[in-house]
Every structure is written in C-alpha cells, then in structure tokens.
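Report on the structure
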Amino acid sequence: MTDDGTTAAAATGTLGYEQARDELIEVVRRLEAGGTSLEESLALWERGEELAKVCRHWLEGARARLDAALAGPAGTDGAEGPAADAG
C-alpha cells in the first residue's frame, strides 16, 4: 500500500460518518470506473472495507441512541407526557 493509503487508513478512526460515507462513494466510483492496476484496485477495495466499518460503527451508535431515546427513562416503558400521567 502507498503512503497515501497508509496515512488515510490511520485517519479512519477519526472520520465522521459523512466524511467516511463520501470517501466510500468516491472509492466505489473509482472501482466501478476501472482503469486502475490490480494493486491500486486492491488498495481501493481495502480502503472501502475500512470506510464501510467506520460507517457501520456510526450507524450502530446512532441506532443505540435512537433505541435508548425511544425506550424513555427507566421504568416508564417509553410512555411520557400528559397521557401517561392520566392513567
């Protein structure tokens, strides 16, 4: 792998979701366009796998936060507001 690829791989842990997604889109575009050597294609594929993991990590975190928000405070079974108090 080239220095550029190594540097990018090291930075993967600090990428936000949007950055990783946008870079992944570019990787896929380059792979689909063809015209790269086998070595370059493999490096792009590996980078794409890393970026997909970053995106999956962010999405799993978002899902956990959403699930927690939907569950509401402990012991309320997700019911909140005036309707929950009227019972």
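1. What about the packing of helix H2 (residues 17–33) against helix H3 (residues 38–71)?
Viewed as axis vectors pointing N to C, H2 and H3 meet at an angle of 150°, and their least axial separation amounts to 9 Å. The orientation of H2 relative to H3 falls into the category roughly antiparallel. For H2 against H3, the interelement crossing comes out left-handed. For the pair H2 and H3, the contacting residues are Tyr17, Ala20, Arg21, Glu23, Leu24, Val27, Arg30 and Leu31 in the first and Ser41, Leu44, Trp45, Arg47, Gly48, Leu51, Ala52, Val54, Cys55, Trp58 and Leu59 in the second.

2. Some remarks on H3
The first and last C-alpha atoms of H3 sit 49 Å apart over 34 residues, in line with the 50 Å expected at 1.5 Å per residue. Of the positions making up H3, those classed as buried are Ser41, Leu44, Arg47, Gly48, Leu51, Val54 and Cys55. In the segment just after H3, glycine 72 is the residue with positive phi, at about 75°.

3. Let's talk about the confidence of the model for the chain
The predicted structure's coordinates, where accompanied by low pLDDT, should not be read in detail. Counting all residues, the mean pLDDT for the chain is 81, and 69% of those residues have values of 70 or more. Per-element mean pLDDT across the chain ranges from 47 in helix H1 (residues 3–11) up to 97 in H2. In the model, residues 1–7 has pLDDT below 50 throughout and makes three contacts with residues more than four positions away in sequence or in other chains.

How each quantity is defined
Residues numbered from 1 in each chain as written. Predicted model: local features only at pLDDT ≥ 70, side-chain atom pairs only at ≥ 80, totals over all residues. Heavy atoms only, no water. Axes fitted to C-alpha atoms, helices over the stretch in contact; angles between N-to-C directions. Helix = DSSP H or I, 4+ residues; strand = E, 2+ residues; numbered from the N terminus. Parallel < 35°, antiparallel > 145°, perpendicular 65-115°, else oblique. Left-handed = near helix turned anticlockwise from the far one by under 90°. Contact = heavy atoms within 4.5 Å. Expected span 1.5 Å × (residues − 1). Buried < 20%, exposed > 50% of the residue type's maximum accessible area, 1.4 Å probe, protein only. pLDDT = per-residue confidence, 0-100.

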